[in-house]
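Coordinate analysis (summary)
Each chain is listed here by its residues.
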Amino acid sequence: MKKSIALLLLASLCLYQYFSLNTPDQDPYLVTDYSRLHPVKVERVVQGREEEQLTHLLQEARTNHLTVSIAGQRHSQGGHTYYKDGIVIDMTSFNRIISLDPIAHQIRVQAGATWKDIQDAVNPYGLSVKTMQSQNIFTVGGSISINAHGRDIRNGSLIKSVESFRLLTADGQVKQVSRSENADLFPLVLGGYGLFGIILDVTLTLTEDEVYKVSTEKVTVEEYSRYFTGQVQADPDIHMHIARISVAPDSFLTDMYAINYKSDKDLPLQQYNELKTTEDWVIPTKLLFHLNRASDWGKNTFWKLQQWYFNQQQQTVISRNNAMRSESQFMDYREAGKNDLLQEYFIPVAAFSSFVQSLREVLVEDELNLLNITVRHVNQDQEAVLSYAKEDMFALVCLFNVPLSDQGQMKFKRSVQKIIDQVLAHHGTYYLPYAAYPERQQFEAAYPRYREFWDKLMEYDPNGLFMNYFYEQYKEE
């Protein structure tokens, strides 16, 4: 087995080096995001550094009739962080840890701070974040803007962790926003995609760091909903959970494995809480993932190796901060003419198996190159105006390898719209940070409070100072 793995790693490394040498098909003088779908010329990109500077930038944009877009790590894939001929404010340098109150379990950070920055600050105090994406490379402001979710199954989406934030609005005012102060802005900015202003800093509530024993179980798509509600959600000591569905042809969208993180209070935190730089499986997985793109054999092999690896990890012990600390930029595929693009669908727990069956039919019929499906659980959230979790949902994070040509994109867009039809038929929703393939009527069906969102945006920014391609795609005319 070890010899086979070594040979696969060598082959993968060759592919990795080949793909890394290919130059992306992008004009270096144009701006885009991770998707590489809509490169455009902008007026300029400005590093955000000081509050006064940001205020002056908005004044300049109003005077010169320019638009403003706000960028973090630019991993959104639908043009949310830039707009043609406008000013792009890059907030990654606006990244100080302002204060930490270990007793109150609160931290205040500038919007450009990453989750890694927060983890580094809170870990010595035995504290941890409640909710974040599976990777810690993203900025807090960006995560707030998409109302992110992650592996934690007890604390809900990110909006539940936010105590307050300060917002620089289109009229140049700085407003303190919380559930009691300027409260109407709170559920609009959380999941507002940078359209209501510049998030300056955020106060987050924290939780205790703790030690988990990790276990992996095989399960089928058909039984997964019952398994989750009966064995995972019903066990109060399981605090984090993630699952994967097979995309291998031999077990396509039928087999799964689930990973559970169960708290063990008998294990001393200080023995396990030294922060790791990266998970030890990331580098070989990145290399092997290229095989997964290339062929059915690669998909079958990659699935078998995943199962083998996680079987070896039974009863692994890990701290909460380390379980939430993947620093790797897993999505770094750069072949010219193609890209790996995400789509994400939220499906009611009881409808999971039925939806996966309908998804399988579209994928097979349209011959889509699906590389991975990760399943997470998201608690119901009625607070955010553009809430994606109208009830307890499973989030199916789907990674596709797709062509960037006009013809290839048109074909993929039609396929996504067919999938969205099935999502809506199963009373689900889809995630908005990704490429805007769904039609406007699909957006309006998935997000019934859309009119409230647009009406409030006109109230706070009547001249459209803040702009991006999500706004352009879905705004009512």
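Owing to the predicted nature of the structure, the values given are computational and were not obtained by experimental measurement. (Residues numbered from 1 in each chain as written. Predicted model: local features only at pLDDT ≥ 70, side-chain atom pairs only at ≥ 80, totals over all residues. Heavy atoms only, no water.)

1. Points about the packing of helix α6 (residues 221-232) against helix α10 (residues 352-366)
As a packed pair, α6 and α10 sit with axes 8 Å apart at the nearest point and diverge in direction by 155 degrees. Considering the angle they form, α6 stands roughly antiparallel to α10. For α6 against α10, the interelement crossing comes out right-handed. For the pair α6 and α10, the contacting residues are V221, E222, Y224 and S225 in the first and F352, S353 and V356 in the second. Grouping the constituent residues of the contact of α6 with α10 by class yields four nonpolar, two polar and one charged. (Axes fitted to C-alpha atoms, helices over the stretch in contact; angles between N-to-C directions. Helix = DSSP H or I, 4+ residues; strand = E, 2+ residues; numbered from the N terminus. Parallel < 35°, antiparallel > 145°, perpendicular 65-115°, else oblique. Left-handed = near helix turned anticlockwise from the far one by under 90°. Contact = heavy atoms within 4.5 Å. Nonpolar A, V, L, I, M, F, W, Y, C, P; charged D, E, K, R; others polar.)

2. Topic: helix α11 (residues 406-425)
Here α11 contains 20 residues, and its C-alpha end-to-end distance of 29 Å stays within 8% of the 28 Å for a straight helix at 1.5 Å per residue. By the burial criterion, the buried members of α11 are G408, Q409, F412, S415, V416, Q417, I419, I420 and V423. Buried residues along α11 sit in contact with β14 (338-348), α10, β16 (393-403), β17 (429-430) and α12 (440-446). A positive phi of about 60 degrees marks H427, the residue just after α11. (Expected span 1.5 Å × (residues − 1). Buried < 20%, exposed > 50% of the residue type's maximum accessible area, 1.4 Å probe, protein only.)

3. Concerning the packing of aromatic side chains
For the coordinates displayed, the defined rule picks out 30 aromatic pairs. With a centroid separation of 6.4 Å and an interplanar angle of 50 degrees, the aromatic rings of F443 and W454 are classed as tilted. On the criterion of sequence distance, the pair formed by F443 in helix α12 and W454 in helix α13 (residues 450-460) is long-range, its members being 11 residues apart. We classify F443 as buried; its relative accessible area is 0%. Between W454 and F470, the aromatic rings sit 6.0 Å apart at their centres with planes inclined by 35 degrees, giving tilted as the arrangement. In this pair, W454 sits in helix α13 while F470 sits in helix α14 (residues 469-474), placing the two residues 16 residues apart along the sequence. An aromatic cluster is defined as three or more aromatic residues linked by ring pairs; in this entry it consists of Y193, F196, Y430, F443, Y447, Y450, F453, W454, Y460, F470, Y471 and Y474. (Phe/Tyr/Trp six-rings, centres within 6.5 Å; stacked < 30°, edge-to-face > 60°.)

4. Focus on unusual backbone geometry
Positive phi, close to 60 degrees, is recorded for H105, a residue that is not glycine. Along the chain, the position of H105 falls in the loop between β4 (97-101) and β5 (106-110). The backbone phi angle of L253 is positive, close to 55 degrees, even though this residue is not glycine. Following the sequence through the fold, L253 ends up in the loop between β11 (238-245) and β12 (255-263).

5. Quick notes on the side chain of D264
Tracing the backbone through its elements, the reader meets D264 in the loop between β12 and α7 (282-294). Overall, the relative accessible area of 17% leaves D264 in the buried class. When neighbours within four sequence positions are excluded, D264 is seen to be in contact with V211 and K213.

6. Regarding the sheet that holds β14
As summarised here, the arrangement of the eight strands in space is β13-β10-β12-β11-β15-β16-β14-β17, forming an open sheet in which the pairing is antiparallel. Each edge of the open sheet is held by one strand with a lone partner, namely β13 (316-319) and β17. Two strands pair when backbone bridges link them, and β14 and β17 are joined in this way by two bridges, in the antiparallel orientation. Bridging from a neighbouring strand, F346 pairs with T429 of β17. (Pairing = 2+ DSSP bridges.)

7. A look at the pairing of strand β7 (residues 162-168)
Of all seven residues in β7, six are buried, a share of seventy percent or more. Note that β7 and strand β9 (residues 198-208) share six bridges and pair antiparallel. Each residue of the ladder has a partner; that of L168, found in β9, is I198. With five bridges joining them, β7 and strand β8 (residues 174-178) adopt antiparallel strand pairing. Paired with R166 across the two strands is Q176, which belongs to β8. Adjacent in sequence and paired antiparallel, β7 and β8 are bridged by five residues, among which G172 carries a positive phi angle near 90 degrees.

8. Side note on the side chain of D381
Mapping D381 onto the fold places it in the loop between β15 (370-378) and β16. The buried charged residue D381 lacks any salt bridge partner; its closest oppositely charged side chain belongs to K160, at an N-O distance of 4.1 Å. At 2.8 Å, the side chain of D381 forms a polar contact with the backbone nitrogen of E383. Apart from the residues within four sequence positions on either side, D381 is in contact with N147, S157, I159, K160, S387 and A389. (Lys, Arg positive; Asp, Glu negative; His and termini not counted. Salt bridge = Lys/Arg side-chain N within 4 Å of Asp/Glu carboxyl O. Polar contact = N/O pair within 3.5 Å; in protein donor to acceptor, adjacent residues only side chain to side chain.)

9. A short note on the confidence of the model for the protein chain
Per-chain confidence: the protein chain averages 88 in pLDDT, with 88% of residues scoring 70 or above. Low confidence marks residues 5-22, where pLDDT is under 50. Its contacts with residues over four positions away, or in another chain, come to 26 contacts. (pLDDT = per-residue confidence, 0-100.)

10. Concerning the environment of E391
Within the secondary structure layout, E391 lies in the loop between β15 and β16. According to the relative accessible area criterion, E391 is partly exposed, its value standing at 37%. Each C-alpha atom of the pair E391 and G428 lies 9.2 Å from the other, and the pair is 37 residues apart in sequence. Each residue touching E391, except ones within four places of it in the same chain, is listed here: P348, V378, N379 and Q380.

11. Here we look at the sheet that holds strand β1 (residues 44-47)
The sheet built from three strands is open, its strands ordered β1-β3-β2 with parallel pairing. This sheet does not close on itself; its edge strands, each paired only once, are β1 and β2 (68-71). Strand-to-strand twist in this sheet, taken as the mean axis angle between neighbours without regard to direction, amounts to 25 degrees. Bridging between β2 and strand β3 (residues 87-90) involves four bridges; their strand directions are parallel.

12. Some words on helix α2 (residues 51-63)
Helical periodicity: at 3.6 residues per turn, an α-helix aligns residues three or four positions apart in one direction. Taking 1.5 Å per residue as the helical rise, α2 with its 13 residues ought to reach 18 Å, and the 19 Å between its terminal C-alpha atoms agrees with that figure. For α2, the secondary structure elements touched by its buried residues are β1, β2, β3, β7 and β9.

13. Regarding the pattern of salt bridges
Scanning the entire structure with this criterion turns up 18 salt bridges. One salt bridge connects E43 with R44, and the closest N-O pair in it is separated by 2.6 Å. Within the structure, one salt-bridge network assembled from shared partners comprises E51, R108, R166 and D201.

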